[in-house]
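A look at the structure
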Amino acid sequence: MKQKLGANHPALDDVTLLVSELVTNALIHSNSRNGGRITLAIADCHDRIHVDVVDAGGENIPQVCEDIMFAEGGRGLMLVKLMSCAWNVYEDSAGRTVWFQVKYTREDSDLSCPRKWAHREAASRPEAAH
Ligand SMILES: Nc1ncnc2c1ncn2[C@@H]1O[C@H](COP(=O)(O)OP(=O)(O)O)[C@@H](O)[C@H]1O
Ligand SMILES: [Mg+2]
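As a starting point, this report considers the structure included with it. Keep in mind the model is a prediction, meaning the values are calculated, not measured.

1. Digging into the site of ligand 1
Neighbouring ligand 1 are 19 residues, the closest being Asn25, Asn60, Gly73, Gly76 and Leu77. Those elements giving two or more residues to the shell around ligand 1 turn out to be α2 (12-29) and α3 (76-83). If one sorts the elements of the shell around ligand 1 by residue count, α2 sits on top with four residues. The class makeup of the residues in the shell around ligand 1 is seven nonpolar, nine polar and three charged.

2. Some points on the sheet that holds strand β3 (residues 86-92)
Read from one edge to the other, the open sheet built from four strands follows the order β1-β2-β4-β3, with strand pairing classed as antiparallel. In this open sheet, the two edge strands, each paired with only one partner strand, are β1 (39-44) and β3. Taking the axes of each pair of neighbouring strands and ignoring which way they run, one obtains an average angle of 15 degrees across the sheet. With seven bridges connecting them, β3 and strand β4 (residues 95-103) associate as antiparallel partners. Of the residues in β4, the one forming a bridge with Tyr90 is Thr97.

3. Considerations on the nonpolar core
If you look at the biggest cluster of nonpolar residues, it comprises 14 residues, and the most contacted ones within it are Val15, Leu22 and Val53. Residues within four places of Val15 in sequence aside, it is in contact with Met1, Leu5, Ile49, Val51 and Val102.

4. Some words on the pairing of β4
Across eight bridges, the pairing between strand β2 (residues 48-55) and β4 is antiparallel. For Asp52, the partnering residue across the bridge sits in β4 and is Trp99. Where β3 folds back onto β4 in an antiparallel hairpin, the turn is made up of two residues.

5. Points about α2
With 18 residues, α2 extends 25 Å from end C-alpha to end C-alpha; this agrees with the ideal 26 Å at 1.5 Å per step. All of the buried residues in α2 are Val15, Leu18, Glu21, Leu22, Asn25 and Ala26. Angularly, the buried residues of α2 cover 130 degrees about the axis, an arc narrow enough to put them on a single face. Seen from the open side of α2, the exposed residues pointing more than 90 degrees away from its buried face are Asp13, Thr24 and Ile28. Close packing links the buried residues of α2 with α1 (2-5), β2, α3 and β4.

What counts, and where the lines are drawn
- Residues numbered from 1 in each chain as written.
- Chains lettered and ligands numbered in written order.
- Predicted model: local features only at pLDDT ≥ 70, side-chain atom pairs only at ≥ 80, totals over all residues.
- Near = placed C-beta within 6 Å.
- Helix = DSSP H or I, 4+ residues; strand = E, 2+ residues; numbered from the N terminus.
- Nonpolar A, V, L, I, M, F, W, Y, C, P; charged D, E, K, R; others polar.
- Pairing = 2+ DSSP bridges.
- Axes fitted to C-alpha atoms, helices over the stretch in contact; angles between N-to-C directions.
- Core = buried A, V, L, I, M, F, W, Y, C linked by C-beta atoms within 7 Å.
- Buried ≥ 20, exposed ≤ 12 C-beta atoms within 10 Å, placed from the backbone.
- Contact = placed C-beta atoms within 7 Å.
- Expected span 1.5 Å × (residues − 1).
- Arc of directions from axis to C-beta.

Given below as structure tokens:
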């Protein structure tokens, strides 16, 4: 995750935790548990990270355990629900996807403003000095 997002990414810790929960769920609860394929896709969008975890589906349904006070497990999807700005589950020909998004604020606002870069590049060209 560090390699993909960068060690200083503001969402790194939250995304790492939630990805770990979802991949563990796919390994334990889905039909991918016996060596089947699990696919992880991460996109760093404008103000959020989007993550897809795709497994082989199966009889178990990913659902948040609401009564976790005294339960030993059942916290993974509750964490996803609480720490993400959106999440859901869908099935298609690729399998079952559990996805979530974590919002963050970029520390270097220049990165989110391409017009600023264009302006700087123009200013640094020799003809721009005339
Ligand atoms: N990828 C998945 N495939 C099938 N069932 C799932 C998946 N993820 C979660 N579940 C179901 O949702 C429940 C809640 O998941 P979670 O909150 O992570 O708790 P835990 O993994 O400790 O049981 C699981 O017990 C399981 O029944
Ligand atoms: Mg779990």
